[in-house]
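Structural overview for review
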There are 2 protein chains.
Amino acid sequence: MLSKINANQTIEKHLYKDELKPLQEKLAALQQRVRKADLPVLIVYEGWGASGKGTNIGKLVNPMDPRYFDVLTMSRVTEEMRLRPFLWGYWCRIPGKGQITIIDKSWHRVIMPGERENWRLKQAELDCFYQDVNAFERQLAQDGTLIIKLFLHISQDEQSRRFKALEDDPSTAWRIKPHDRAQNKHYNEYLKQYENMLQKTTTQHNPWHIIEADDKRYSALKTCRIITEAIEARLNEMEETKQAEPAIVLPNGNYPHILANTTTDRNIENAEYKEELDFLQARMNRLGHKMYAKRRPAVIVYEGWDAAGKGGNIKRLVAELDPRCYAVVPIGPPTPHELGRHYLWRFIRRMPKDGHFTIFDRSWYGRVLIERVENLTPVPVWQRAYDEINEMEQHLANHGVILLKFWLHIDKDEQLKRFNARQSDPAKQHKITDADWINRSNWEAYETATDEMFAKTDKPHAPWVVVESNNKKFARIKVLQTVTDALDDALR
Amino acid sequence: MLSKINANQTIEKHLYKDELKPLQEKLAALQQRVRKADLPVLIVYEGWGASGKGTNIGKLVNPMDPRYFDVLTMSRVTEEMRLRPFLWGYWCRIPGKGQITIIDKSWHRVIMPGERENWRLKQAELDCFYQDVNAFERQLAQDGTLIIKLFLHISQDEQSRRFKALEDDPSTAWRIKPHDRAQNKHYNEYLKQYENMLQKTTTQHNPWHIIEADDKRYSALKTCRIITEAIEARLNEMEETKQAEPAIVLPNGNYPHILANTTTDRNIENAEYKEELDFLQARMNRLGHKMYAKRRPAVIVYEGWDAAGKGGNIKRLVAELDPRCYAVVPIGPPTPHELGRHYLWRFIRRMPKDGHFTIFDRSWYGRVLIERVENLTPVPVWQRAYDEINEMEQHLANHGVILLKFWLHIDKDEQLKRFNARQSDPAKQHKITDADWINRSNWEAYETATDEMFAKTDKPHAPWVVVESNNKKFARIKVLQTVTDALDDALR
């Protein structure tokens, strides 16, 4: 499509002025409405070198209150980003409720030639990128973020003229980099790449807007018009649907009863436990060093019944790891700040750097467990979460993250015994709360939720492992064994 | 002192075991008390290459619950850090209430040879570093953070042996870098540098603990002992002083009456305003590019009476700046998350990268203005803030930040006129709240606070400029003129 678009559209100066002014006034008013409506807006700029993105953004934000928008220049990939899956840096910066965020050079960059080398680990094939990008945008859109994607298009001649003008002025000559010259020289090659990118990432929710940008006035005007219309349409839509129509609720499937059919009792002798523990922790230590040397990251998720022994299990898992290479993240209820963003945001932020481990004590699966069982989240929203979770985990795996998920499994009698023991021991009373008793009363609902979760999110690159945990020692050995085996495999 | 310490202290294996076990148990219990007491703990590891920091940290954290401490490995300076004053990266990572943060390689690094080149801008002289470091540590300590600084000391022979052992093992050989070998070869040179660093940063609040580390058991034991004792002593102290003794309140000084003696009325003709505005905004645009090219950062602070016109003034200041190179940060009441840390934390986090502008709409001066006037903060705490602010601004200036602070000044009649106008215009009603009327009723108290603030924080590298603002147009021109002059000067 791009090659068919004539970048050279012009507008008379007086017509431009006549039209721009009211658009800008409208935009200033819309900015206030965006804040009141708690609408997150993400405006994405891509385009040719010297296509005038800076000037265009300048015209766009000119009427707005500068306290309430952010412009992120992401033309350089920082080391923090390089050491993580490529969407990580963008996930961390998504706008909160009522915020307008403008990104100059977005996640689409990774699709362009020469860009993928920015990330340290070998990334998966190009098609995975498109899948990851489209899933990311769809997830934000479904969560209520308005995404407006703009591509600034200029012709080869115009680009060449602009580079020359910049070069001729000593105060701007430094802005032209070798890759800019390459782009102009191999314009048609790049055109194909851009076209491909635009086609593959044009989706129903999140289409691209091509801005003909040879003429800066035309470009500014069209951008303002598109953004004003998009924001206004969304705000009106939000007001009209304040009484939300009933969302489609999927029927409850019949999923295999995993938990009810899994034993909780597996035993291990004390002497064997000690020997195994020493052996496996030493193995874990060696593998930790190897992970760091090879810059492979790992994510380990703990879920399970209350009082199943997650804390003690995690402690044994990391005991011999170099403490500089892992972090344990306990997950509680989200803070107001976290509630202002897509629910995956707070987890993605904590993902490990290459070469490091992150262990989650409870996780993003809360959405399809406690949030489902206790009706904290509308049905269609948690039903959507299986896909979102799978897409996120796929994105991690594409980057080379080793991902394991454990369900620590005890039976109801064992749980009752442990609750009572905690309540009668003053040193452990802080570990038992009303919430634990409430969860216990919902045992069967949790079983149903867990069965569906296993059925929908057990994947080769992100398997679920049920750990028989009535005997805590057995559980610790099983986790250590599973993790060290998986790391060993992955590093081979 | 370091050169007089024999690094080779040993302990028998059985004595070590006998003593370590109870210390570790104590530490596990103390960790829980730290959480309950909301005590932030910052443990700093420095020391020779191969002095065993990793192993030592491992022993230390072994008994702790891994969910409630963080280990930060900061042996590499990231680009995010390189583009800002050297304390910035550490400020961003200070522990919150009840958190234990362990840092492997801290801010002291900048003092060592070859390290200062990590930061892009020319830093000030070495003595400024010591001042900045000591001020940072004192500020955290006064705010209630327990800082424990450890230096792991090994002899030249032991270091040489350890490097050899690492090199001989193919799985660890990669860990030895050229600068490690240089350190061993020029051991005595480094010794002097370390000694100097230790002496200059040993302060009353925050002394160093030297750990003799030739023997790893001895090193682990001494570390655990020091940390256990320090945490326990602090917790006991906190419990004893729950009824805080009356803090020393300084007498109110008699400061020159700046505001009461400054006119608010300065006028400008409409035609002149337009001409000046165009000229100065174009100048600002050129200077913005120059700032970026030369990688100089700037911080601009707006304070002033309510309804003095800060928002409109900021808008004119940034109108022609490239929106990718500035951020405007509105400051409201702190969030609970922000209240959990030193009050400067939330401002320092937002400081600009080299080459960028940050404009604060209200700022850290809130502590000595609204927090003082409305008794939101105890007297000794806001009295301490003048020094803290001066030290922070000095640290910015040492890095090369251009810093300007504006007080937008209107008189009481003008304010009343504007309040009434806002209240009668539906489009502006959101801009006036009860808080504005309360502030107005405290006008004289604000005058007193402002006079003291000017007297104590007006510095050559961070000047206050009072802007006569009854006429908004005059005020905008004055700010633009002042800022562009200052940038021009600094870039010359």
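This section reports on the structure supplied with the text. (Residues numbered from 1 in each chain as written. Chains lettered and ligands numbered in written order. Predicted model: local features only at pLDDT ≥ 70, side-chain atom pairs only at ≥ 80, totals over all residues. Heavy atoms only, no water.)

So, the overall build of chain A
Summing up its helical and strand segments, chain A has 19 helices and 10 strands in all. Seen through its principal axes, chain A has C-alpha atoms that stretch 85 × 55 × 40 Å. Each of the 492 residues in chain A was classed as buried or not, and the buried ones make up 54%. Pairs at least 24 apart in sequence give 82% of the contacts found in chain A among residues at least 6 apart. Between the mean site of the 74 positive side-chain charges and the mean site of the 69 negative ones, chain A shows a separation of 4 Å. (Helix = DSSP H or I, 4+ residues; strand = E, 2+ residues; numbered from the N terminus. Buried < 20%, exposed > 50% of the residue type's maximum accessible area, 1.4 Å probe, protein only. Contact = heavy atoms within 4.5 Å. Lys, Arg positive; Asp, Glu negative; His and termini not counted. Charge placed at Lys NZ, Arg CZ, Asp CG, Glu CD.)

Quick notes on the side chain of Ser363(B)
All names here are of chain B. Within the secondary structure, Ser363 sits in the loop between strand E8 (357-361) and helix H14 (370-373). Overall, the relative accessible area of 4% leaves Ser363 in the buried class. A polar atom in the side chain of Ser363 sits 2.7 Å from the side chain of Glu303. What Ser363 contacts, discounting residues up to four positions off in sequence, is Val301, Glu303, Ile331 and Phe347. (Polar contact = N/O pair within 3.5 Å; in protein donor to acceptor, adjacent residues only side chain to side chain.)

So, the relation of the copies chain B and chain A
Overlaying chain B with chain A gives an RMSD of 0.0 Å, the required rotation being 180° about an axis along which the chain moves by 0.1 Å. Look at the turn and shift together and you get a two-fold axis relating the two. In terms of proximity to the rotation axis, the leading residue of chain B is Glu79(B), whose C-alpha is 3.3 Å off the axis. Looking at chain B, 100% of its interface residues are interface residues in chain A too, so the copies touch through the same face. (Least-squares fit on C-alpha atoms with pLDDT ≥ 70 in both.)

Details of the packing of helix H1 (residues 13-37) of chain B against helix H9 (residues 216-240) of chain B
All names here are of chain B. Here H1 crosses H9 at 35°, and the two axes come no closer than 9 Å. Crossing of H1 against H9: the hand is left-handed. Split by residue class, the contact of H1 with H9 holds 14 nonpolar, two polar and eight charged. (Axes fitted to C-alpha atoms, helices over the stretch in contact; angles between N-to-C directions. Left-handed = near helix turned anticlockwise from the far one by under 90°. Nonpolar A, V, L, I, M, F, W, Y, C, P; charged D, E, K, R; others polar.)

Describing the interface of chain B and chain A
Listed per partner, the contact involves 41 residues of chain B and 41 residues of chain A. Of the roughly 3500 Å² buried at the junction of chain B and chain A (both faces included), carbon and sulfur atoms supply 54%. At the junction of chain B with chain A, the criterion picks out four salt bridges. Among the ionic pairs, Asp104(A) bridges to Arg324(B), the shortest N-O distance being 2.6 Å. Our enumeration of links across chain B and chain A arrives at eight residue pairs in polar contact (both at pLDDT 80 or more). Every element with two or more residues in the side of chain B that touches chain A is listed here: helix H2 (53-61), strand E2 (69-73), helix H3 (79-82), helix H10 (270-294), helix H11 (310-318) and strand E7 (326-330) of chain B. When residues of the side of chain B that touches chain A are assigned to their parent elements, the largest contribution, five residues, is made by H2(B). (Buried area = accessible area lost by both parts, 1.4 Å probe. Salt bridge = Lys/Arg side-chain N within 4 Å of Asp/Glu carboxyl O.)

Thoughts on the packing of H10(B) against helix H19 (residues 472-491) of chain B
All names here are of chain B. The N-to-C vectors of H10 and H19 enclose an angle of 30°; their axes lie 9 Å apart at closest approach. Between H10 and H19, the interaxial angle falls into the category roughly parallel. The chirality of how H10 crosses H19 is left-handed. Of H19, the residues touching H10 (which contributes Asn270, Tyr273, Glu276, Leu277, Leu280, Gln281, Arg283, Met284, Leu287, Lys290, Met291 and Lys294) are Lys473, Arg476, Ile477, Leu480, Gln481, Val483, Thr484, Asp485, Leu487, Asp488 and Leu491. For the contact of H10 with H19, the residue count by class is 11 nonpolar, four polar and eight charged. (Parallel < 35°, antiparallel > 145°, perpendicular 65-115°, else oblique.)

Comments concerning the packing of aromatic side chains
The full count for this structure, using the stated rule, is 40 aromatic pairs over all chains. Note on Trp407(A) and Phe454(A): the rings are 6.3 Å apart at their centroids and 90° apart in plane angle, and the pair reads as edge-to-face. With Trp407(A) in strand E9 (residues 402-409) and Phe454(A) in helix H18 (residues 443-457), the pair connects residues that are 47 residues apart, well separated along the chain. There is no split in this pair, since Trp407(A) and Phe454(A) are both buried. Their ring planes at 90° and their centres at 5.0 Å tell us that Trp107(B) and Phe136(B) sit as a pair that is edge-to-face. Linking Trp107(B) in the loop between strand E3 (100-104) and helix H5 (126-142) with Phe136(B) in helix H5, this pair joins segments that are 29 residues apart in sequence. Exposure remark for Trp107(B): the relative accessible area of 1% places this residue in the buried category. Here Arg84(A) stacks its cationic end above the ring of Trp88(A), 4.0 Å away from the centre of that ring. Against the face of Trp345(B) rests Arg349(B), its NZ or CZ located 4.3 Å from the ring centre. (Phe/Tyr/Trp six-rings, centres within 6.5 Å; stacked < 30°, edge-to-face > 60°. Lys NZ or Arg CZ within 6 Å of the ring centre and 35° of its normal.)

No statement about biological role is implied by the geometric values presented.
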